[in-house]
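Here are the chains, one letter per residue:
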Amino acid sequence: MPERNFSQNGLLGFWYKSFVNNTKGVNYRIIPPNNVKYLNSYLLVVNSMEIGIIGTGDMGKLYAREFAKAGYRVNCSDVPEKRQELEKSLAGSEIYILDDGVAVSRRSDLIFYLVPVQSIDNVVAQCGPTTRKDAIVSSGTSVMTPSVEAFEKYLPEDVNIINWHWLFGPSINPMGQSTALVRHKSSESAYQRARETFEKIGTKIIELPSYQEHDRITADTQAVTHVGFEAMGTAWKNMNSFPWENTTYVGGIDNVKILMCLRIYGGKSHVYAGLAIHNPLAREQVRQYARSESDLFLNSFARALRIVFSIPNPLSDTAICMFCPFGYVCATTKPEISLSLWSK
């Protein structure tokens, strides 16, 4: 981002006219310096594009602040009922809060959709058609498939789609952190513009070949891992006890499991639900988790029946229905594990 100090006297007029004549079509703003003794000078800041944030929640605010810090004009929006809260949290940041996502989409050059994954289709349907020609549209969500499908459905043909996912939460300083970059559809010049803009945030950019590869990695490393920790939390809740008060769970790897579980339950529920439910490549992972948990339960149950009741084939329908409280053999059975519902 080019920057120059221009004094109000002497060459200001010459430099200013020269700058305007040679930078037509480029966004720029003149900012007076904060230091009082330099009131006779101004800082001319040149930005090659305006950043748009549609969905300014926790991550949206982080994106907005980082791009504003890098010198870009940032236009953002959120649902109307959060307008007052947004104005309060972004006060004094030189981030522009527009009326809605349509206004953000209409004037911004690089637009991020940072809404819950279950809402992405409706939001893109409303805001996407007003996207400017040759603009760059990006999704920052942990699951890219629903975003890409919505982009392809509602965006104009002359819009570039380059997804950039920050692999960390809103409480983390982005500097040096890993981010995933997927070039889905774009011209070479648009991709270079986007990449140069992203690099100014200071993250480590990892290029992936496709959004499907991104979602596969997310499914392998996050979806089932989160389901496992959520299952632990549910078990501890049903036991009506805190794990750190139970000597069974104190020490070593159990401390790590407890802390991971607390971190997940301390986050936004829709984020973790979206990872498992809306990622098509996570469904088989969740199915396998449900099967494995059911098998472990049945094997433990079968061993108990063999030892206590000396039943040779304890998992047969006849043996299991010996314990039926209704006094008859059930004609059909249903999966016992509630996680099977996640894989539908």
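Residues numbered from 1 in each chain as written. Predicted model: local features only at pLDDT ≥ 70, side-chain atom pairs only at ≥ 80, totals over all residues. Heavy atoms only, no water.

Visitor: What am I meant to see in the overall build of the chain here?
Guide: Across its full length, the chain carries twelve helices and eleven strands. By residue count, 40% of the 344 residues in the chain fall in the buried class. Partitioning the contacts of the chain with sequence separation of at least 6, the portion at a separation of at least 24 is 65%. Accessible area for the chain stands at about 19,800 Å²; split by element, carbon and sulfur atoms hold 55% of it. (Helix = DSSP H or I, 4+ residues; strand = E, 2+ residues; numbered from the N terminus. Buried < 20%, exposed > 50% of the residue type's maximum accessible area, 1.4 Å probe, protein only. Contact = heavy atoms within 4.5 Å. Areas by Shrake-Rupley, 256 points an atom, 1.4 Å probe, with all protein chains shown as cover.)

Visitor: So what exactly am I meant to see when it comes to the pattern of salt bridges here?
Guide: In a structure, side chains of opposite charge can pair up when their charged atoms sit close to one another. The tally for this structure, following the rule as stated, stands at 13 salt bridges. Among the ionic pairs, Asp-99 bridges to Arg-83, the shortest N-O distance being 3.6 Å. A residue pair is termed long-range when its members are at least 10 positions apart, and Asp-99 in the loop between strand 6 (95–97) and helix 4 (101–107) and Arg-83 in helix 3 (residues 83–89) qualify at 16 residues. The partly exposed category is assigned to Arg-83, whose relative accessible area is 28%. (Salt bridge = Lys/Arg side-chain N within 4 Å of Asp/Glu carboxyl O.)

Visitor: So what exactly am I meant to see when it comes to the nonpolar core here?
Guide: For soluble globular proteins, the rule of thumb is that nonpolar side chains tend to be buried together. Within the largest apolar cluster, 31 residues are counted, with the highest numbers of intra-cluster contacts made by Ile-51, Ile-53, Phe-67, Val-74, Phe-112, Trp-164 and Phe-198. Of all the elements in the fold, those that place two or more residues in this core are strand 4 (51–54), helix 2 (58–69), strand 5 (74–77), strand 6, strand 7 (110–113), strand 9 (160–166) and helix 7 (188–199). In this structure, Val-74 is in contact with Ile-51, Ile-53, Ala-64, Phe-67, Ala-68, Ile-95 and Tyr-96, ignoring residues within four places of it in sequence. Counting 18 residues, the second largest nonpolar core, distinct from the first, contains Val-115, Val-123, Ala-150 and Val-159. (Core = buried A, V, L, I, M, F, W, Y, C linked by side-chain atoms within 4.5 Å.)

Visitor: Looking at this model, I keep getting lost on the packing of aromatic side chains. Mind explaining?
Guide: Two aromatic rings are characterised by how far apart their centres lie and by the angle between their planes. What the rule picks out here adds up to 13 aromatic pairs. Ring centres of Tyr-63 and Trp-164 lie 6.5 Å apart, and the angle between their planes is 75°; this geometry places the pair in the edge-to-face category. One end of the pair, Tyr-63, is in helix 2; the other, Trp-164, is in strand 9, and 101 residues separate them in sequence. Taking the relative accessible area as the measure of exposure, Trp-164 reaches 0% and is therefore buried. Between Phe-67 and Tyr-72, the ring centres sit 6.1 Å apart and the planes meet at 75°, which makes this aromatic pair edge-to-face. For Phe-67, a relative accessible area of 0% corresponds to the buried category. In textbook terms, an aromatic cluster arises when at least three aromatic residues are bridged by ring pairs, as seen for Tyr-63, Phe-67, Tyr-72, Phe-112, Trp-164, Trp-166, Phe-168 and Phe-198. The ring of Tyr-96 carries Arg-73 above its face, with NZ or CZ at 3.6 Å from the centroid. (Phe/Tyr/Trp six-rings, centres within 6.5 Å; stacked < 30°, edge-to-face > 60°. Lys NZ or Arg CZ within 6 Å of the ring centre and 35° of its normal.)

Visitor: Explanation requested: a nonpolar patch on the surface in the structure shown.
Guide: On the surface, a cluster of nonpolar side chains totalling about 450 Å² of accessible area is made up of Phe-242, Trp-244, Leu-259 and Leu-262. Here Leu-259 lies in helix 9 (residues 253–265). For Leu-259, a relative accessible area of 59% corresponds to the exposed category. (Patch = residues over 30% accessible without salt bridge, like charges linked within 9 Å, V, L, I, M, F, W, Y side chains within 5 Å.)

Visitor: Is there a simple way to think about unusual backbone geometry in this case?
Guide: Among all residues except glycine, the phi angle is most often negative; among peptide bonds, the trans geometry is most common. A positive phi angle is found at Glu-94, which is not glycine, with a value near 60°. Assignment of secondary structure puts Glu-94 in the loop between helix 3 and strand 6.

Visitor: Whenever I open this one, the sheet that holds strand 4 confuses me. Can you help?
Guide: Two strands in a sheet stick together by hydrogen bonds in their backbones, pointing the same way (parallel) or opposite ways (antiparallel). What the eight strands build is an open sheet, ordered 6-5-4-7-8-9-10-11; its pairing is mixed. One side of each edge strand has no neighbouring strand; the edge strands of this open sheet are strand 6 and strand 11 (204–208). The average undirected angle you get between the axes of adjacent strands in this sheet is 25°. Judged from the four bridges that link them, strand 4 and strand 5 form a sheet pairing that is parallel. Considered in strand 5, the bridge of Ile-53 is made with Cys-76. Relative to the sheet, helix 2 contacts strand 4, strand 5, strand 6, strand 7 and strand 9, its axis offset from that of strand 9 by approximately 105°. (Pairing = 2+ DSSP bridges. Axes fitted to C-alpha atoms, helices over the stretch in contact; angles between N-to-C directions.)

Visitor: Help me understand the pairing of strand 7 in this model?
Guide: Residues Leu-110 and Phe-112 point to one face of strand 7 and Ile-111 and Tyr-113 to the other, with burial holding for every one of them. Two elements, strand 4 and strand 7, share four bridges in a ladder whose sense is parallel. From the neighbouring strand, Ile-54 faces strand 7, where its bridge partner is Tyr-113. Examined bridge by bridge, strand 7 and strand 8 (residues 136–139) share four bridges and lie parallel to one another. Looking across to strand 8, one finds that Leu-110 is bridged to Ile-136.

Visitor: Explain helix 9 to me, please; I cannot follow it from the model alone.
Guide: An α-helical turn contains 3.6 residues, so a residue and the one three or four places further along point in the same direction. Look at helix 9: 19 Å from first C-alpha to last across 13 residues, which is about the 18 Å you get at 1.5 Å a residue. Taken residue by residue, helix 9 has Asp-254, Ile-258, Cys-261 and Ile-264 as its buried positions. Buried residues of helix 9, viewed axially, fall in a sector of 130°; they line one side. Away from its buried face by more than 90 degrees, helix 9 exposes Leu-259 and Arg-263. (Expected span 1.5 Å × (residues − 1). Arc of directions from axis to C-beta.)

None of this, on its own, says anything about what the molecule does.
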